[in-house]
Amino acid sequence: IVIVLTVSPPKLRGHLTRWLFEVSPGVYVGKVSARVRELLWQQILENIGEGRAVMVYSSNNEQGLDFEHMGKNGSQRIMMDKADYATKLKSKAEA
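*Asks:* Mind showing me how you'd approach the packing of aromatic side chains here?
*Replies:* Where two aromatic rings form a pair, the distance of their centres and the angle of their planes describe that pair. In this structure the tally under the stated criterion is 0 aromatic pairs. The positively charged end of Arg-37 is found above the aromatic ring belonging to Tyr-57, 3.9 Å away from the centroid.

So this is what it looks like as structure tokens:
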């Protein structure tokens, strides 16, 4: 599992270090069960505030991984040719 946080509260960063290694500021890696991964993601959703979060984890699909994201970064998850991609959307301010 890899989790990347930006503009996150210290409480959330501290919680993640109980389960994962912080290899760079805001970047957490480790090996956890699916249940722990889901619980960590729930904690992120409840505590991220104005920040952003991306979680990448192994999955039994063609790419061998899947991801979740949360935050006001203008990203949207779409399906294209049976593969997942994240695409940046222009914010209303840029339009």
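*Asks:* Whenever I open this one, the environment of Ile-44 confuses me. Can you help?
*Replies:* Mapped onto the secondary structure, Ile-44 falls in helix α2 (residues 34-47). A residue is classified by how much of its surface remains accessible, and Ile-44, at 0% relative accessible area, is buried. In the structure, Ile-44 is positioned 39 residues away from Leu-5 in sequence and 9.1 Å away in space, judged by C-alpha atoms. Beyond its immediate chain neighbours, meaning those up to four positions away, Ile-44 contacts Ile-3, Leu-5, Leu-12, Leu-16 and Ala-53.

*Asks:* What is the right way to read the pairing of strand β5 (residues 65-70) from this model?
*Replies:* Sheet topology note: the strand β4 (residues 52-58)/β5 ladder contains 6 bridges and is antiparallel. Within β5, the position partnered with Val-56 by the bridge is Phe-67. As consecutive antiparallel partners, β4 and β5 are separated by 6 residues, and within that stretch Gly-64 has a phi angle of approximately 80 degrees, a positive value.

*Asks:* Just to check I follow, could you spell out the confidence of the model for the protein for this structure?
*Replies:* Atom-level detail of predicted coordinates should not be read off regions where pLDDT is low. Averaged over all residues, the pLDDT of the protein is 81; the fraction at 70 or higher stands at 75%. The spread of mean pLDDT over the elements of the protein runs between strand β7 (residues 83-88), the lowest at 47, and strand β3 (residues 27-29), the highest at 97. Here residues 78-83 scores under 50 on pLDDT; set against residues more than four positions off or in separate chains, the count is 8 contacts.

How each quantity is defined
- Residues numbered from 1 in each chain as written.
- Predicted model: local features only at pLDDT ≥ 70, side-chain atom pairs only at ≥ 80, totals over all residues.
- Heavy atoms only, no water.
- Phe/Tyr/Trp six-rings, centres within 6.5 Å; stacked < 30°, edge-to-face > 60°.
- Lys NZ or Arg CZ within 6 Å of the ring centre and 35° of its normal.
- Helix = DSSP H or I, 4+ residues; strand = E, 2+ residues; numbered from the N terminus.
- Buried < 20%, exposed > 50% of the residue type's maximum accessible area, 1.4 Å probe, protein only.
- Contact = heavy atoms within 4.5 Å.
- Pairing = 2+ DSSP bridges.
- pLDDT = per-residue confidence, 0-100.

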